[in-house]
Amino acid sequence: AAFIAMARYVNLNASFQDIPTYPNWDRQENLLFFNKHIGVIVEIDIRTKYEIDFHQRGELPYRDREQVDRSLSDATAFGQYYNNVGSELLSTGETAGAFRHFVKALKLDPGLSYVWSNLGSVYHRNHQVEAAERAYLQAIAVNRSEYTAMSNLARLYSRQGNTAEANFYERKVKSFRHKNPYYHFAISERAFDEGQYAKTVKHLKSAIYRKEDEHQFHFALARAYLKLGAIAKAEKSIEKARVYSPDETTLHYYSRMWKALADESESYLSN
C-alpha cells in the first residue's frame with residue numbers, strides 16, 4: 001500500500017495485482033490457512049510496465065505461470081489486507097478483533113468468498129451455529145469452488161448429526177483435495193514437521209504422480225528420504241529437483257540446502 005501511494009504521488013499509474021499461486025497452506029495451532037499473494041504493477045508509459053513483488057521467488061518457487069495475473073481494485077486489495085489481519089487475530093483466539101476486521105473486509109468487497117468463510121469460523125467459535133452456517137453458505141454462493149467453506153460446513157453438519165448434508169460437502173471437498181497435488185504437498189509438510197517421514201514420502205509420491213515437474217516436491221522428497229536413511233533415493237530426488245528447477249537462483253538454493261542437509265545427516269552425499 002505504501003509503495004502504491006508513493007507511485008501515485010509522483011503521478012505514476014500504479015495498481016494492485018493478484019498473483020496466481022499454486023495452492024499452499026500454513027498451519028497455526030488448530031487453524032489451516034490458505035495463502036494468497038498480491039503484487040504491484042507500475043505503468044511508466046503505454047509500452048513500459050514494471051511488476052513489483054517483494055516475495056523472494058528464487059527461495060520459494062510458488063507462482064502458477066499457467067494463469068494470468070489480474071489487476072485488483074483498491075477496495076479488494078484492502079479487503080484482503082483486513083482479512084489477513086483478521087486471520088492473524090483469529091489464530092491467537094482474538095475473535096472479537098477478527099470479527100471486526102472480517103466485517104471491514106466484506107464492506108469493502110462482499111465478493112471475497114474466503115472472508116465469508118472466515119467470518120463463519122468466528123461465529124462457529126462463538127457457538128453461533130446458525131450464523132456460521134449462513135456465512136459458509138454465502139461463501140459458496142459467491143464462489144462455487146470455495147472448498148474451505150464446504151469443509152467447514154461438513155464439520156458443522158456432522159456435529160449437528162446432519163449426516164446427509166455433511167457427507168454431501170465432504171465428498172466435494174475430498175474430490176478436490178485428492179486431485180490437487182498441492183494438498184498432498186501440504187499434508188507432507190505437516191507430516192515432516194511431526195517426524196512422520198514415511199507418511200511424508202507417501203503424500204509426496206501422490207503429489208509427484210499428479211504433477212511430475214514440480215521441483216519443490218522432489219526436493220521435499222529428497223529431504224524425507226534423507227531422514228529415513230535412504231541415501232540413494234534421496235540423491236535421485238534431489239537430482240530431479242535440480243532438473244526441474246526453473247532458474248539458476250532456485251538451482252543454487254537447492255545446492256546450498258542439500259549441502260546443509262548432508263552435513264546435518266553426517267553422511268557423505270555426492271553432488
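Criteria and thresholds
Every chain is numbered on its own, with residues counted from 1 as its sequence reads. Totals for whole chains, interfaces and linings use every residue, but because this is a predicted model, local features are given only for residues with pLDDT of at least 70 and side-chain atom pairs only at 80 or more, for both listing and counting. Only heavy atoms go into the side-chain values, all of them from the structure, while hydrogens and water stay out. Counted as salt bridges are all cases of a side-chain nitrogen of Lys or Arg within 4 Å of a carboxyl oxygen of Asp or Glu. Secondary structure elements are defined from DSSP: runs of H or I of at least 4 residues count as helices, runs of E of at least 2 residues count as strands, and each element is numbered from the N terminus. Exposure is judged per residue with a 1.4 Å probe applied to protein chains only, and the accessible area is read against the type maximum: over 50% gives exposed, under 20% gives buried, and values in between give partly exposed. Comment: axis = line fitted to C-alpha atoms, over the contacting stretch for helices; angle = value between 0 and 180 degrees taken between N-to-C directions. Angles below 35 degrees are treated as roughly parallel, those above 145 as roughly antiparallel, those between 65 and 115 as roughly perpendicular, and all remaining angles as oblique. Should the near helix be turned counterclockwise from the far one by less than a right angle, the crossing is left-handed, whereas a clockwise turn marks it as right-handed. Note on definitions: a residue-residue contact is assigned when non-hydrogen atoms from the two residues lie within 4.5 Å. Each residue gets one of three labels, nonpolar for Ala, Val, Leu, Ile, Met, Phe, Trp, Tyr, Cys and Pro, charged for Asp, Glu, Lys and Arg, and polar for the others, Gly among them. When the centres of two rings from Phe, Tyr and Trp lie within 6.5 Å, Trp using its six-membered ring, the rings pair. Their planes under 30 degrees apart give stacked, over 60 give edge-to-face, and anything left gives tilted. Charge-over-ring contacts are defined here by two conditions on Lys NZ or Arg CZ: a distance within 6 Å of the ring centre and an angle within 35 degrees of the ring normal.

## Comments concerning the pattern of salt bridges
Following the criterion strictly, the structure yields four salt bridges and no others. Where Lys 240 meets Glu 212, a salt bridge forms, and the shortest distance between an N and an O atom there is 3.9 Å. Taken together, the residues Lys 240 in helix α11 (residues 231-243) and Glu 212 in the loop between α9 (197-210) and α10 (215-228) connect sequence positions 28 residues apart. On the accessibility criterion, Lys 240 (40% relative accessible area) is partly exposed. Accessibility expressed as a relative area gives 33% for Glu 212, which makes it partly exposed.

## Comments concerning the packing of α10 against α11
Running from N to C, α10 and α11 point in directions that differ by 165 degrees, and their axes come no closer than 8 Å. In terms of orientation, α10 lies roughly antiparallel with respect to α11. Crossing of α10 over α11 shows left-handed handedness. For the pair formed by α10 and α11, the contact residues are His 215, His 218, Phe 219, Leu 221, Ala 222, Tyr 225 and Leu 226 on the first element and Ile 231, Lys 233, Ala 234, Ser 237, Ile 238, Lys 240 and Ala 241 on the second. For the contact of α10 with α11, the per-class residue count stands at nine nonpolar, three polar and two charged.

## Considerations on the packing of aromatic side chains
Scanning the model with the defined rule gives nine aromatic pairs in all. Their ring planes at 45 degrees and their centres at 5.8 Å tell us that Tyr 253 and Tyr 254 sit as a pair that is tilted. Joined through ring pairs, the aromatic side chains of Tyr 157, Phe 168 and Tyr 169 make up one cluster. A cation sits over an aromatic face here: Arg 223 above Phe 192, 3.9 Å from the ring centre.

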